[in-house]
Amino acid sequence: MREELFPPDLPFQLAVPIEVRFRDMDAMGHVNNAVYFTYFEQARIHYLRHLAQLPPPLEPFGMIVAEATCQYRAPITMGMPIQVWIRVAEVRQRSFIFLYKIERRDNGQIMAMGRSVQVAYDYARGTPVPIPEPWRERFLQFEEGAWTHTLHGLTERRTP
């Protein structure tokens, strides 16, 4: 039995629907293993854009992926309704960890679980830098449930 990256029932705040495309398929008739990382990337971009647009808006910051892993649980096939749940699990001084859970939207079956480490990076100097404090605060607030989602996709600040 393998060790899980995180408990499967860990709470997530944000899910990103993914459309399985024909180009995602391999010769075996299921999504190619490398494409799962593209799904993680799509969720990561959506998550970061979503958090940047919450009031007050945040300036983007440079980052690089330092590590990425995926645990495959079941094959994804053409037309399967899936979504990627994403959360920031840990915020360090210069890096932070995303966790991912790909699940079927129709029955909740977990298809894969993943983890990636992002490092805040200054591309002009070519060096890691501290995560900007406004982003650090936004990650923690969002994951602690300080924001609530409406049916229209808008996000509002919860008041205590």
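Everything numeric here is computed off the predicted structure, so don't read it as measured data.

Summing up its helical and strand segments, the protein has 2 helices and 8 strands in all. Taken from the N to the C terminus, the helices and strands of the protein come in the order β-α-β-β-β-β-β-α-β-β. In terms of overall dimensions, the protein is globule-like: its C-alpha atoms have a radius of gyration of 16 Å, near the 15 Å expected for 160 residues. Within the protein, the fraction of its 160 residues that count as buried is 42%. Pairs at least 24 apart in sequence give 66% of the contacts found in the protein among residues at least 6 apart. Of the roughly 9100 Å² that the protein leaves accessible, carbon and sulfur atoms contribute 54%. Distance between charge centres in the protein, computed from 18 positive and 18 negative side chains, equals 1 Å.

Turning our attention to the layout of surface pockets. Gaps left between atoms show up when a probe the size of a water molecule is rolled over them. Of the volumes computed, that of the largest pocket is approximately 190 Å³. Every residue along the wall of the largest pocket is listed here: Glu41, Arg44, Ile45, Leu48, Arg49, Ala52, Pro60, Phe61, Met63, Val65, Gln118 and Trp135. Only α1 (35-53) and β2 (63-72) provide two or more residues apiece to the lining of the largest pocket. Broken down by element, the lining of the largest pocket gets its largest block of residues, 6 residues, from α1. The residue makeup of the lining of the largest pocket, split by class, is 8 nonpolar, 1 polar and 3 charged.

With that settled, the discussion passes to the pattern of salt bridges. Applying the stated criterion across every chain, the model contains 8 salt bridges. Close ionic contact of Asp106 with Arg104 constitutes a salt bridge, the shortest N to O distance being 2.7 Å. Take Asp106: its relative accessible area is 47%, and that puts it in the partly exposed class. A salt bridge links Arg136 to Glu133, with the nearest nitrogen and oxygen atoms 3.4 Å apart. With Arg136 and Glu133 both in helix α2 (residues 133-143), this residue pair falls 3 residues apart, about one helical turn. Take Glu133: its relative accessible area is 43%, and that puts it in the partly exposed class. Look at the salt bridges and you will find they share partners, linking Arg21, Arg23 and Asp24 into a network.

With that settled, consider the confidence of the model for the protein. Mean pLDDT for the protein: 90, with 91% of residues reaching 70 or above. Confidence drops under pLDDT 50 across residues 150-160; counting only partners more than four residues distant or on other chains, this segment forms 18 contacts.

Two elements in contact, α1 and α2, have axes whose closest approach is 11 Å; the angle formed by their N-to-C orientations is 100 degrees. Considered as vectors, α1 and α2 are oriented roughly perpendicular to each other. Only Trp135, Arg138, Phe139, Phe142 and Glu143 of α2 make contact with α1, whose side of the interface consists of Tyr47, Leu48, His50, Leu51 and Ala52. In the contact of α1 with α2, the residues fall into 7 nonpolar, 1 polar and 2 charged.

A separate point is the side chain of Ser116. The residue Ser116 is located in strand β5 (residues 110-122) in this model. By relative accessible area, Ser116 is classed as buried at 1%. Engagement of the side chain of Ser116 in a polar contact is seen with the side chain of Gln118, the distance being 2.6 Å. Excluding residues that lie within four positions of it along the chain, Ser116 makes contacts with Arg44, Glu67, Ala68, Phe96, Ile97, Phe98 and Tyr100.

Rules used in this analysis
- Residues numbered from 1 in each chain as written.
- Predicted model: local features only at pLDDT ≥ 70, side-chain atom pairs only at ≥ 80, totals over all residues.
- Heavy atoms only, no water.
- Helix = DSSP H or I, 4+ residues; strand = E, 2+ residues; numbered from the N terminus.
- Rg over C-alpha atoms; globule rule 2.2 N^0.38 Å.
- Buried < 20%, exposed > 50% of the residue type's maximum accessible area, 1.4 Å probe, protein only.
- Contact = heavy atoms within 4.5 Å.
- Areas by Shrake-Rupley, 256 points an atom, 1.4 Å probe, with all protein chains shown as cover.
- Lys, Arg positive; Asp, Glu negative; His and termini not counted.
- Charge placed at Lys NZ, Arg CZ, Asp CG, Glu CD.
- 1 Å grid on protein atoms, 1.4 Å probe; cavity = no way out; pocket = protein on both sides within 12 Å on 5 of 7 lines; lining within 4 Å.
- Points joined across faces, edges and corners; volume = space filled by probe spheres on them.
- Nonpolar A, V, L, I, M, F, W, Y, C, P; charged D, E, K, R; others polar.
- Salt bridge = Lys/Arg side-chain N within 4 Å of Asp/Glu carboxyl O.
- pLDDT = per-residue confidence, 0-100.
- Axes fitted to C-alpha atoms, helices over the stretch in contact; angles between N-to-C directions.
- Parallel < 35°, antiparallel > 145°, perpendicular 65-115°, else oblique.
- Polar contact = N/O pair within 3.5 Å; in protein donor to acceptor, adjacent residues only side chain to side chain.

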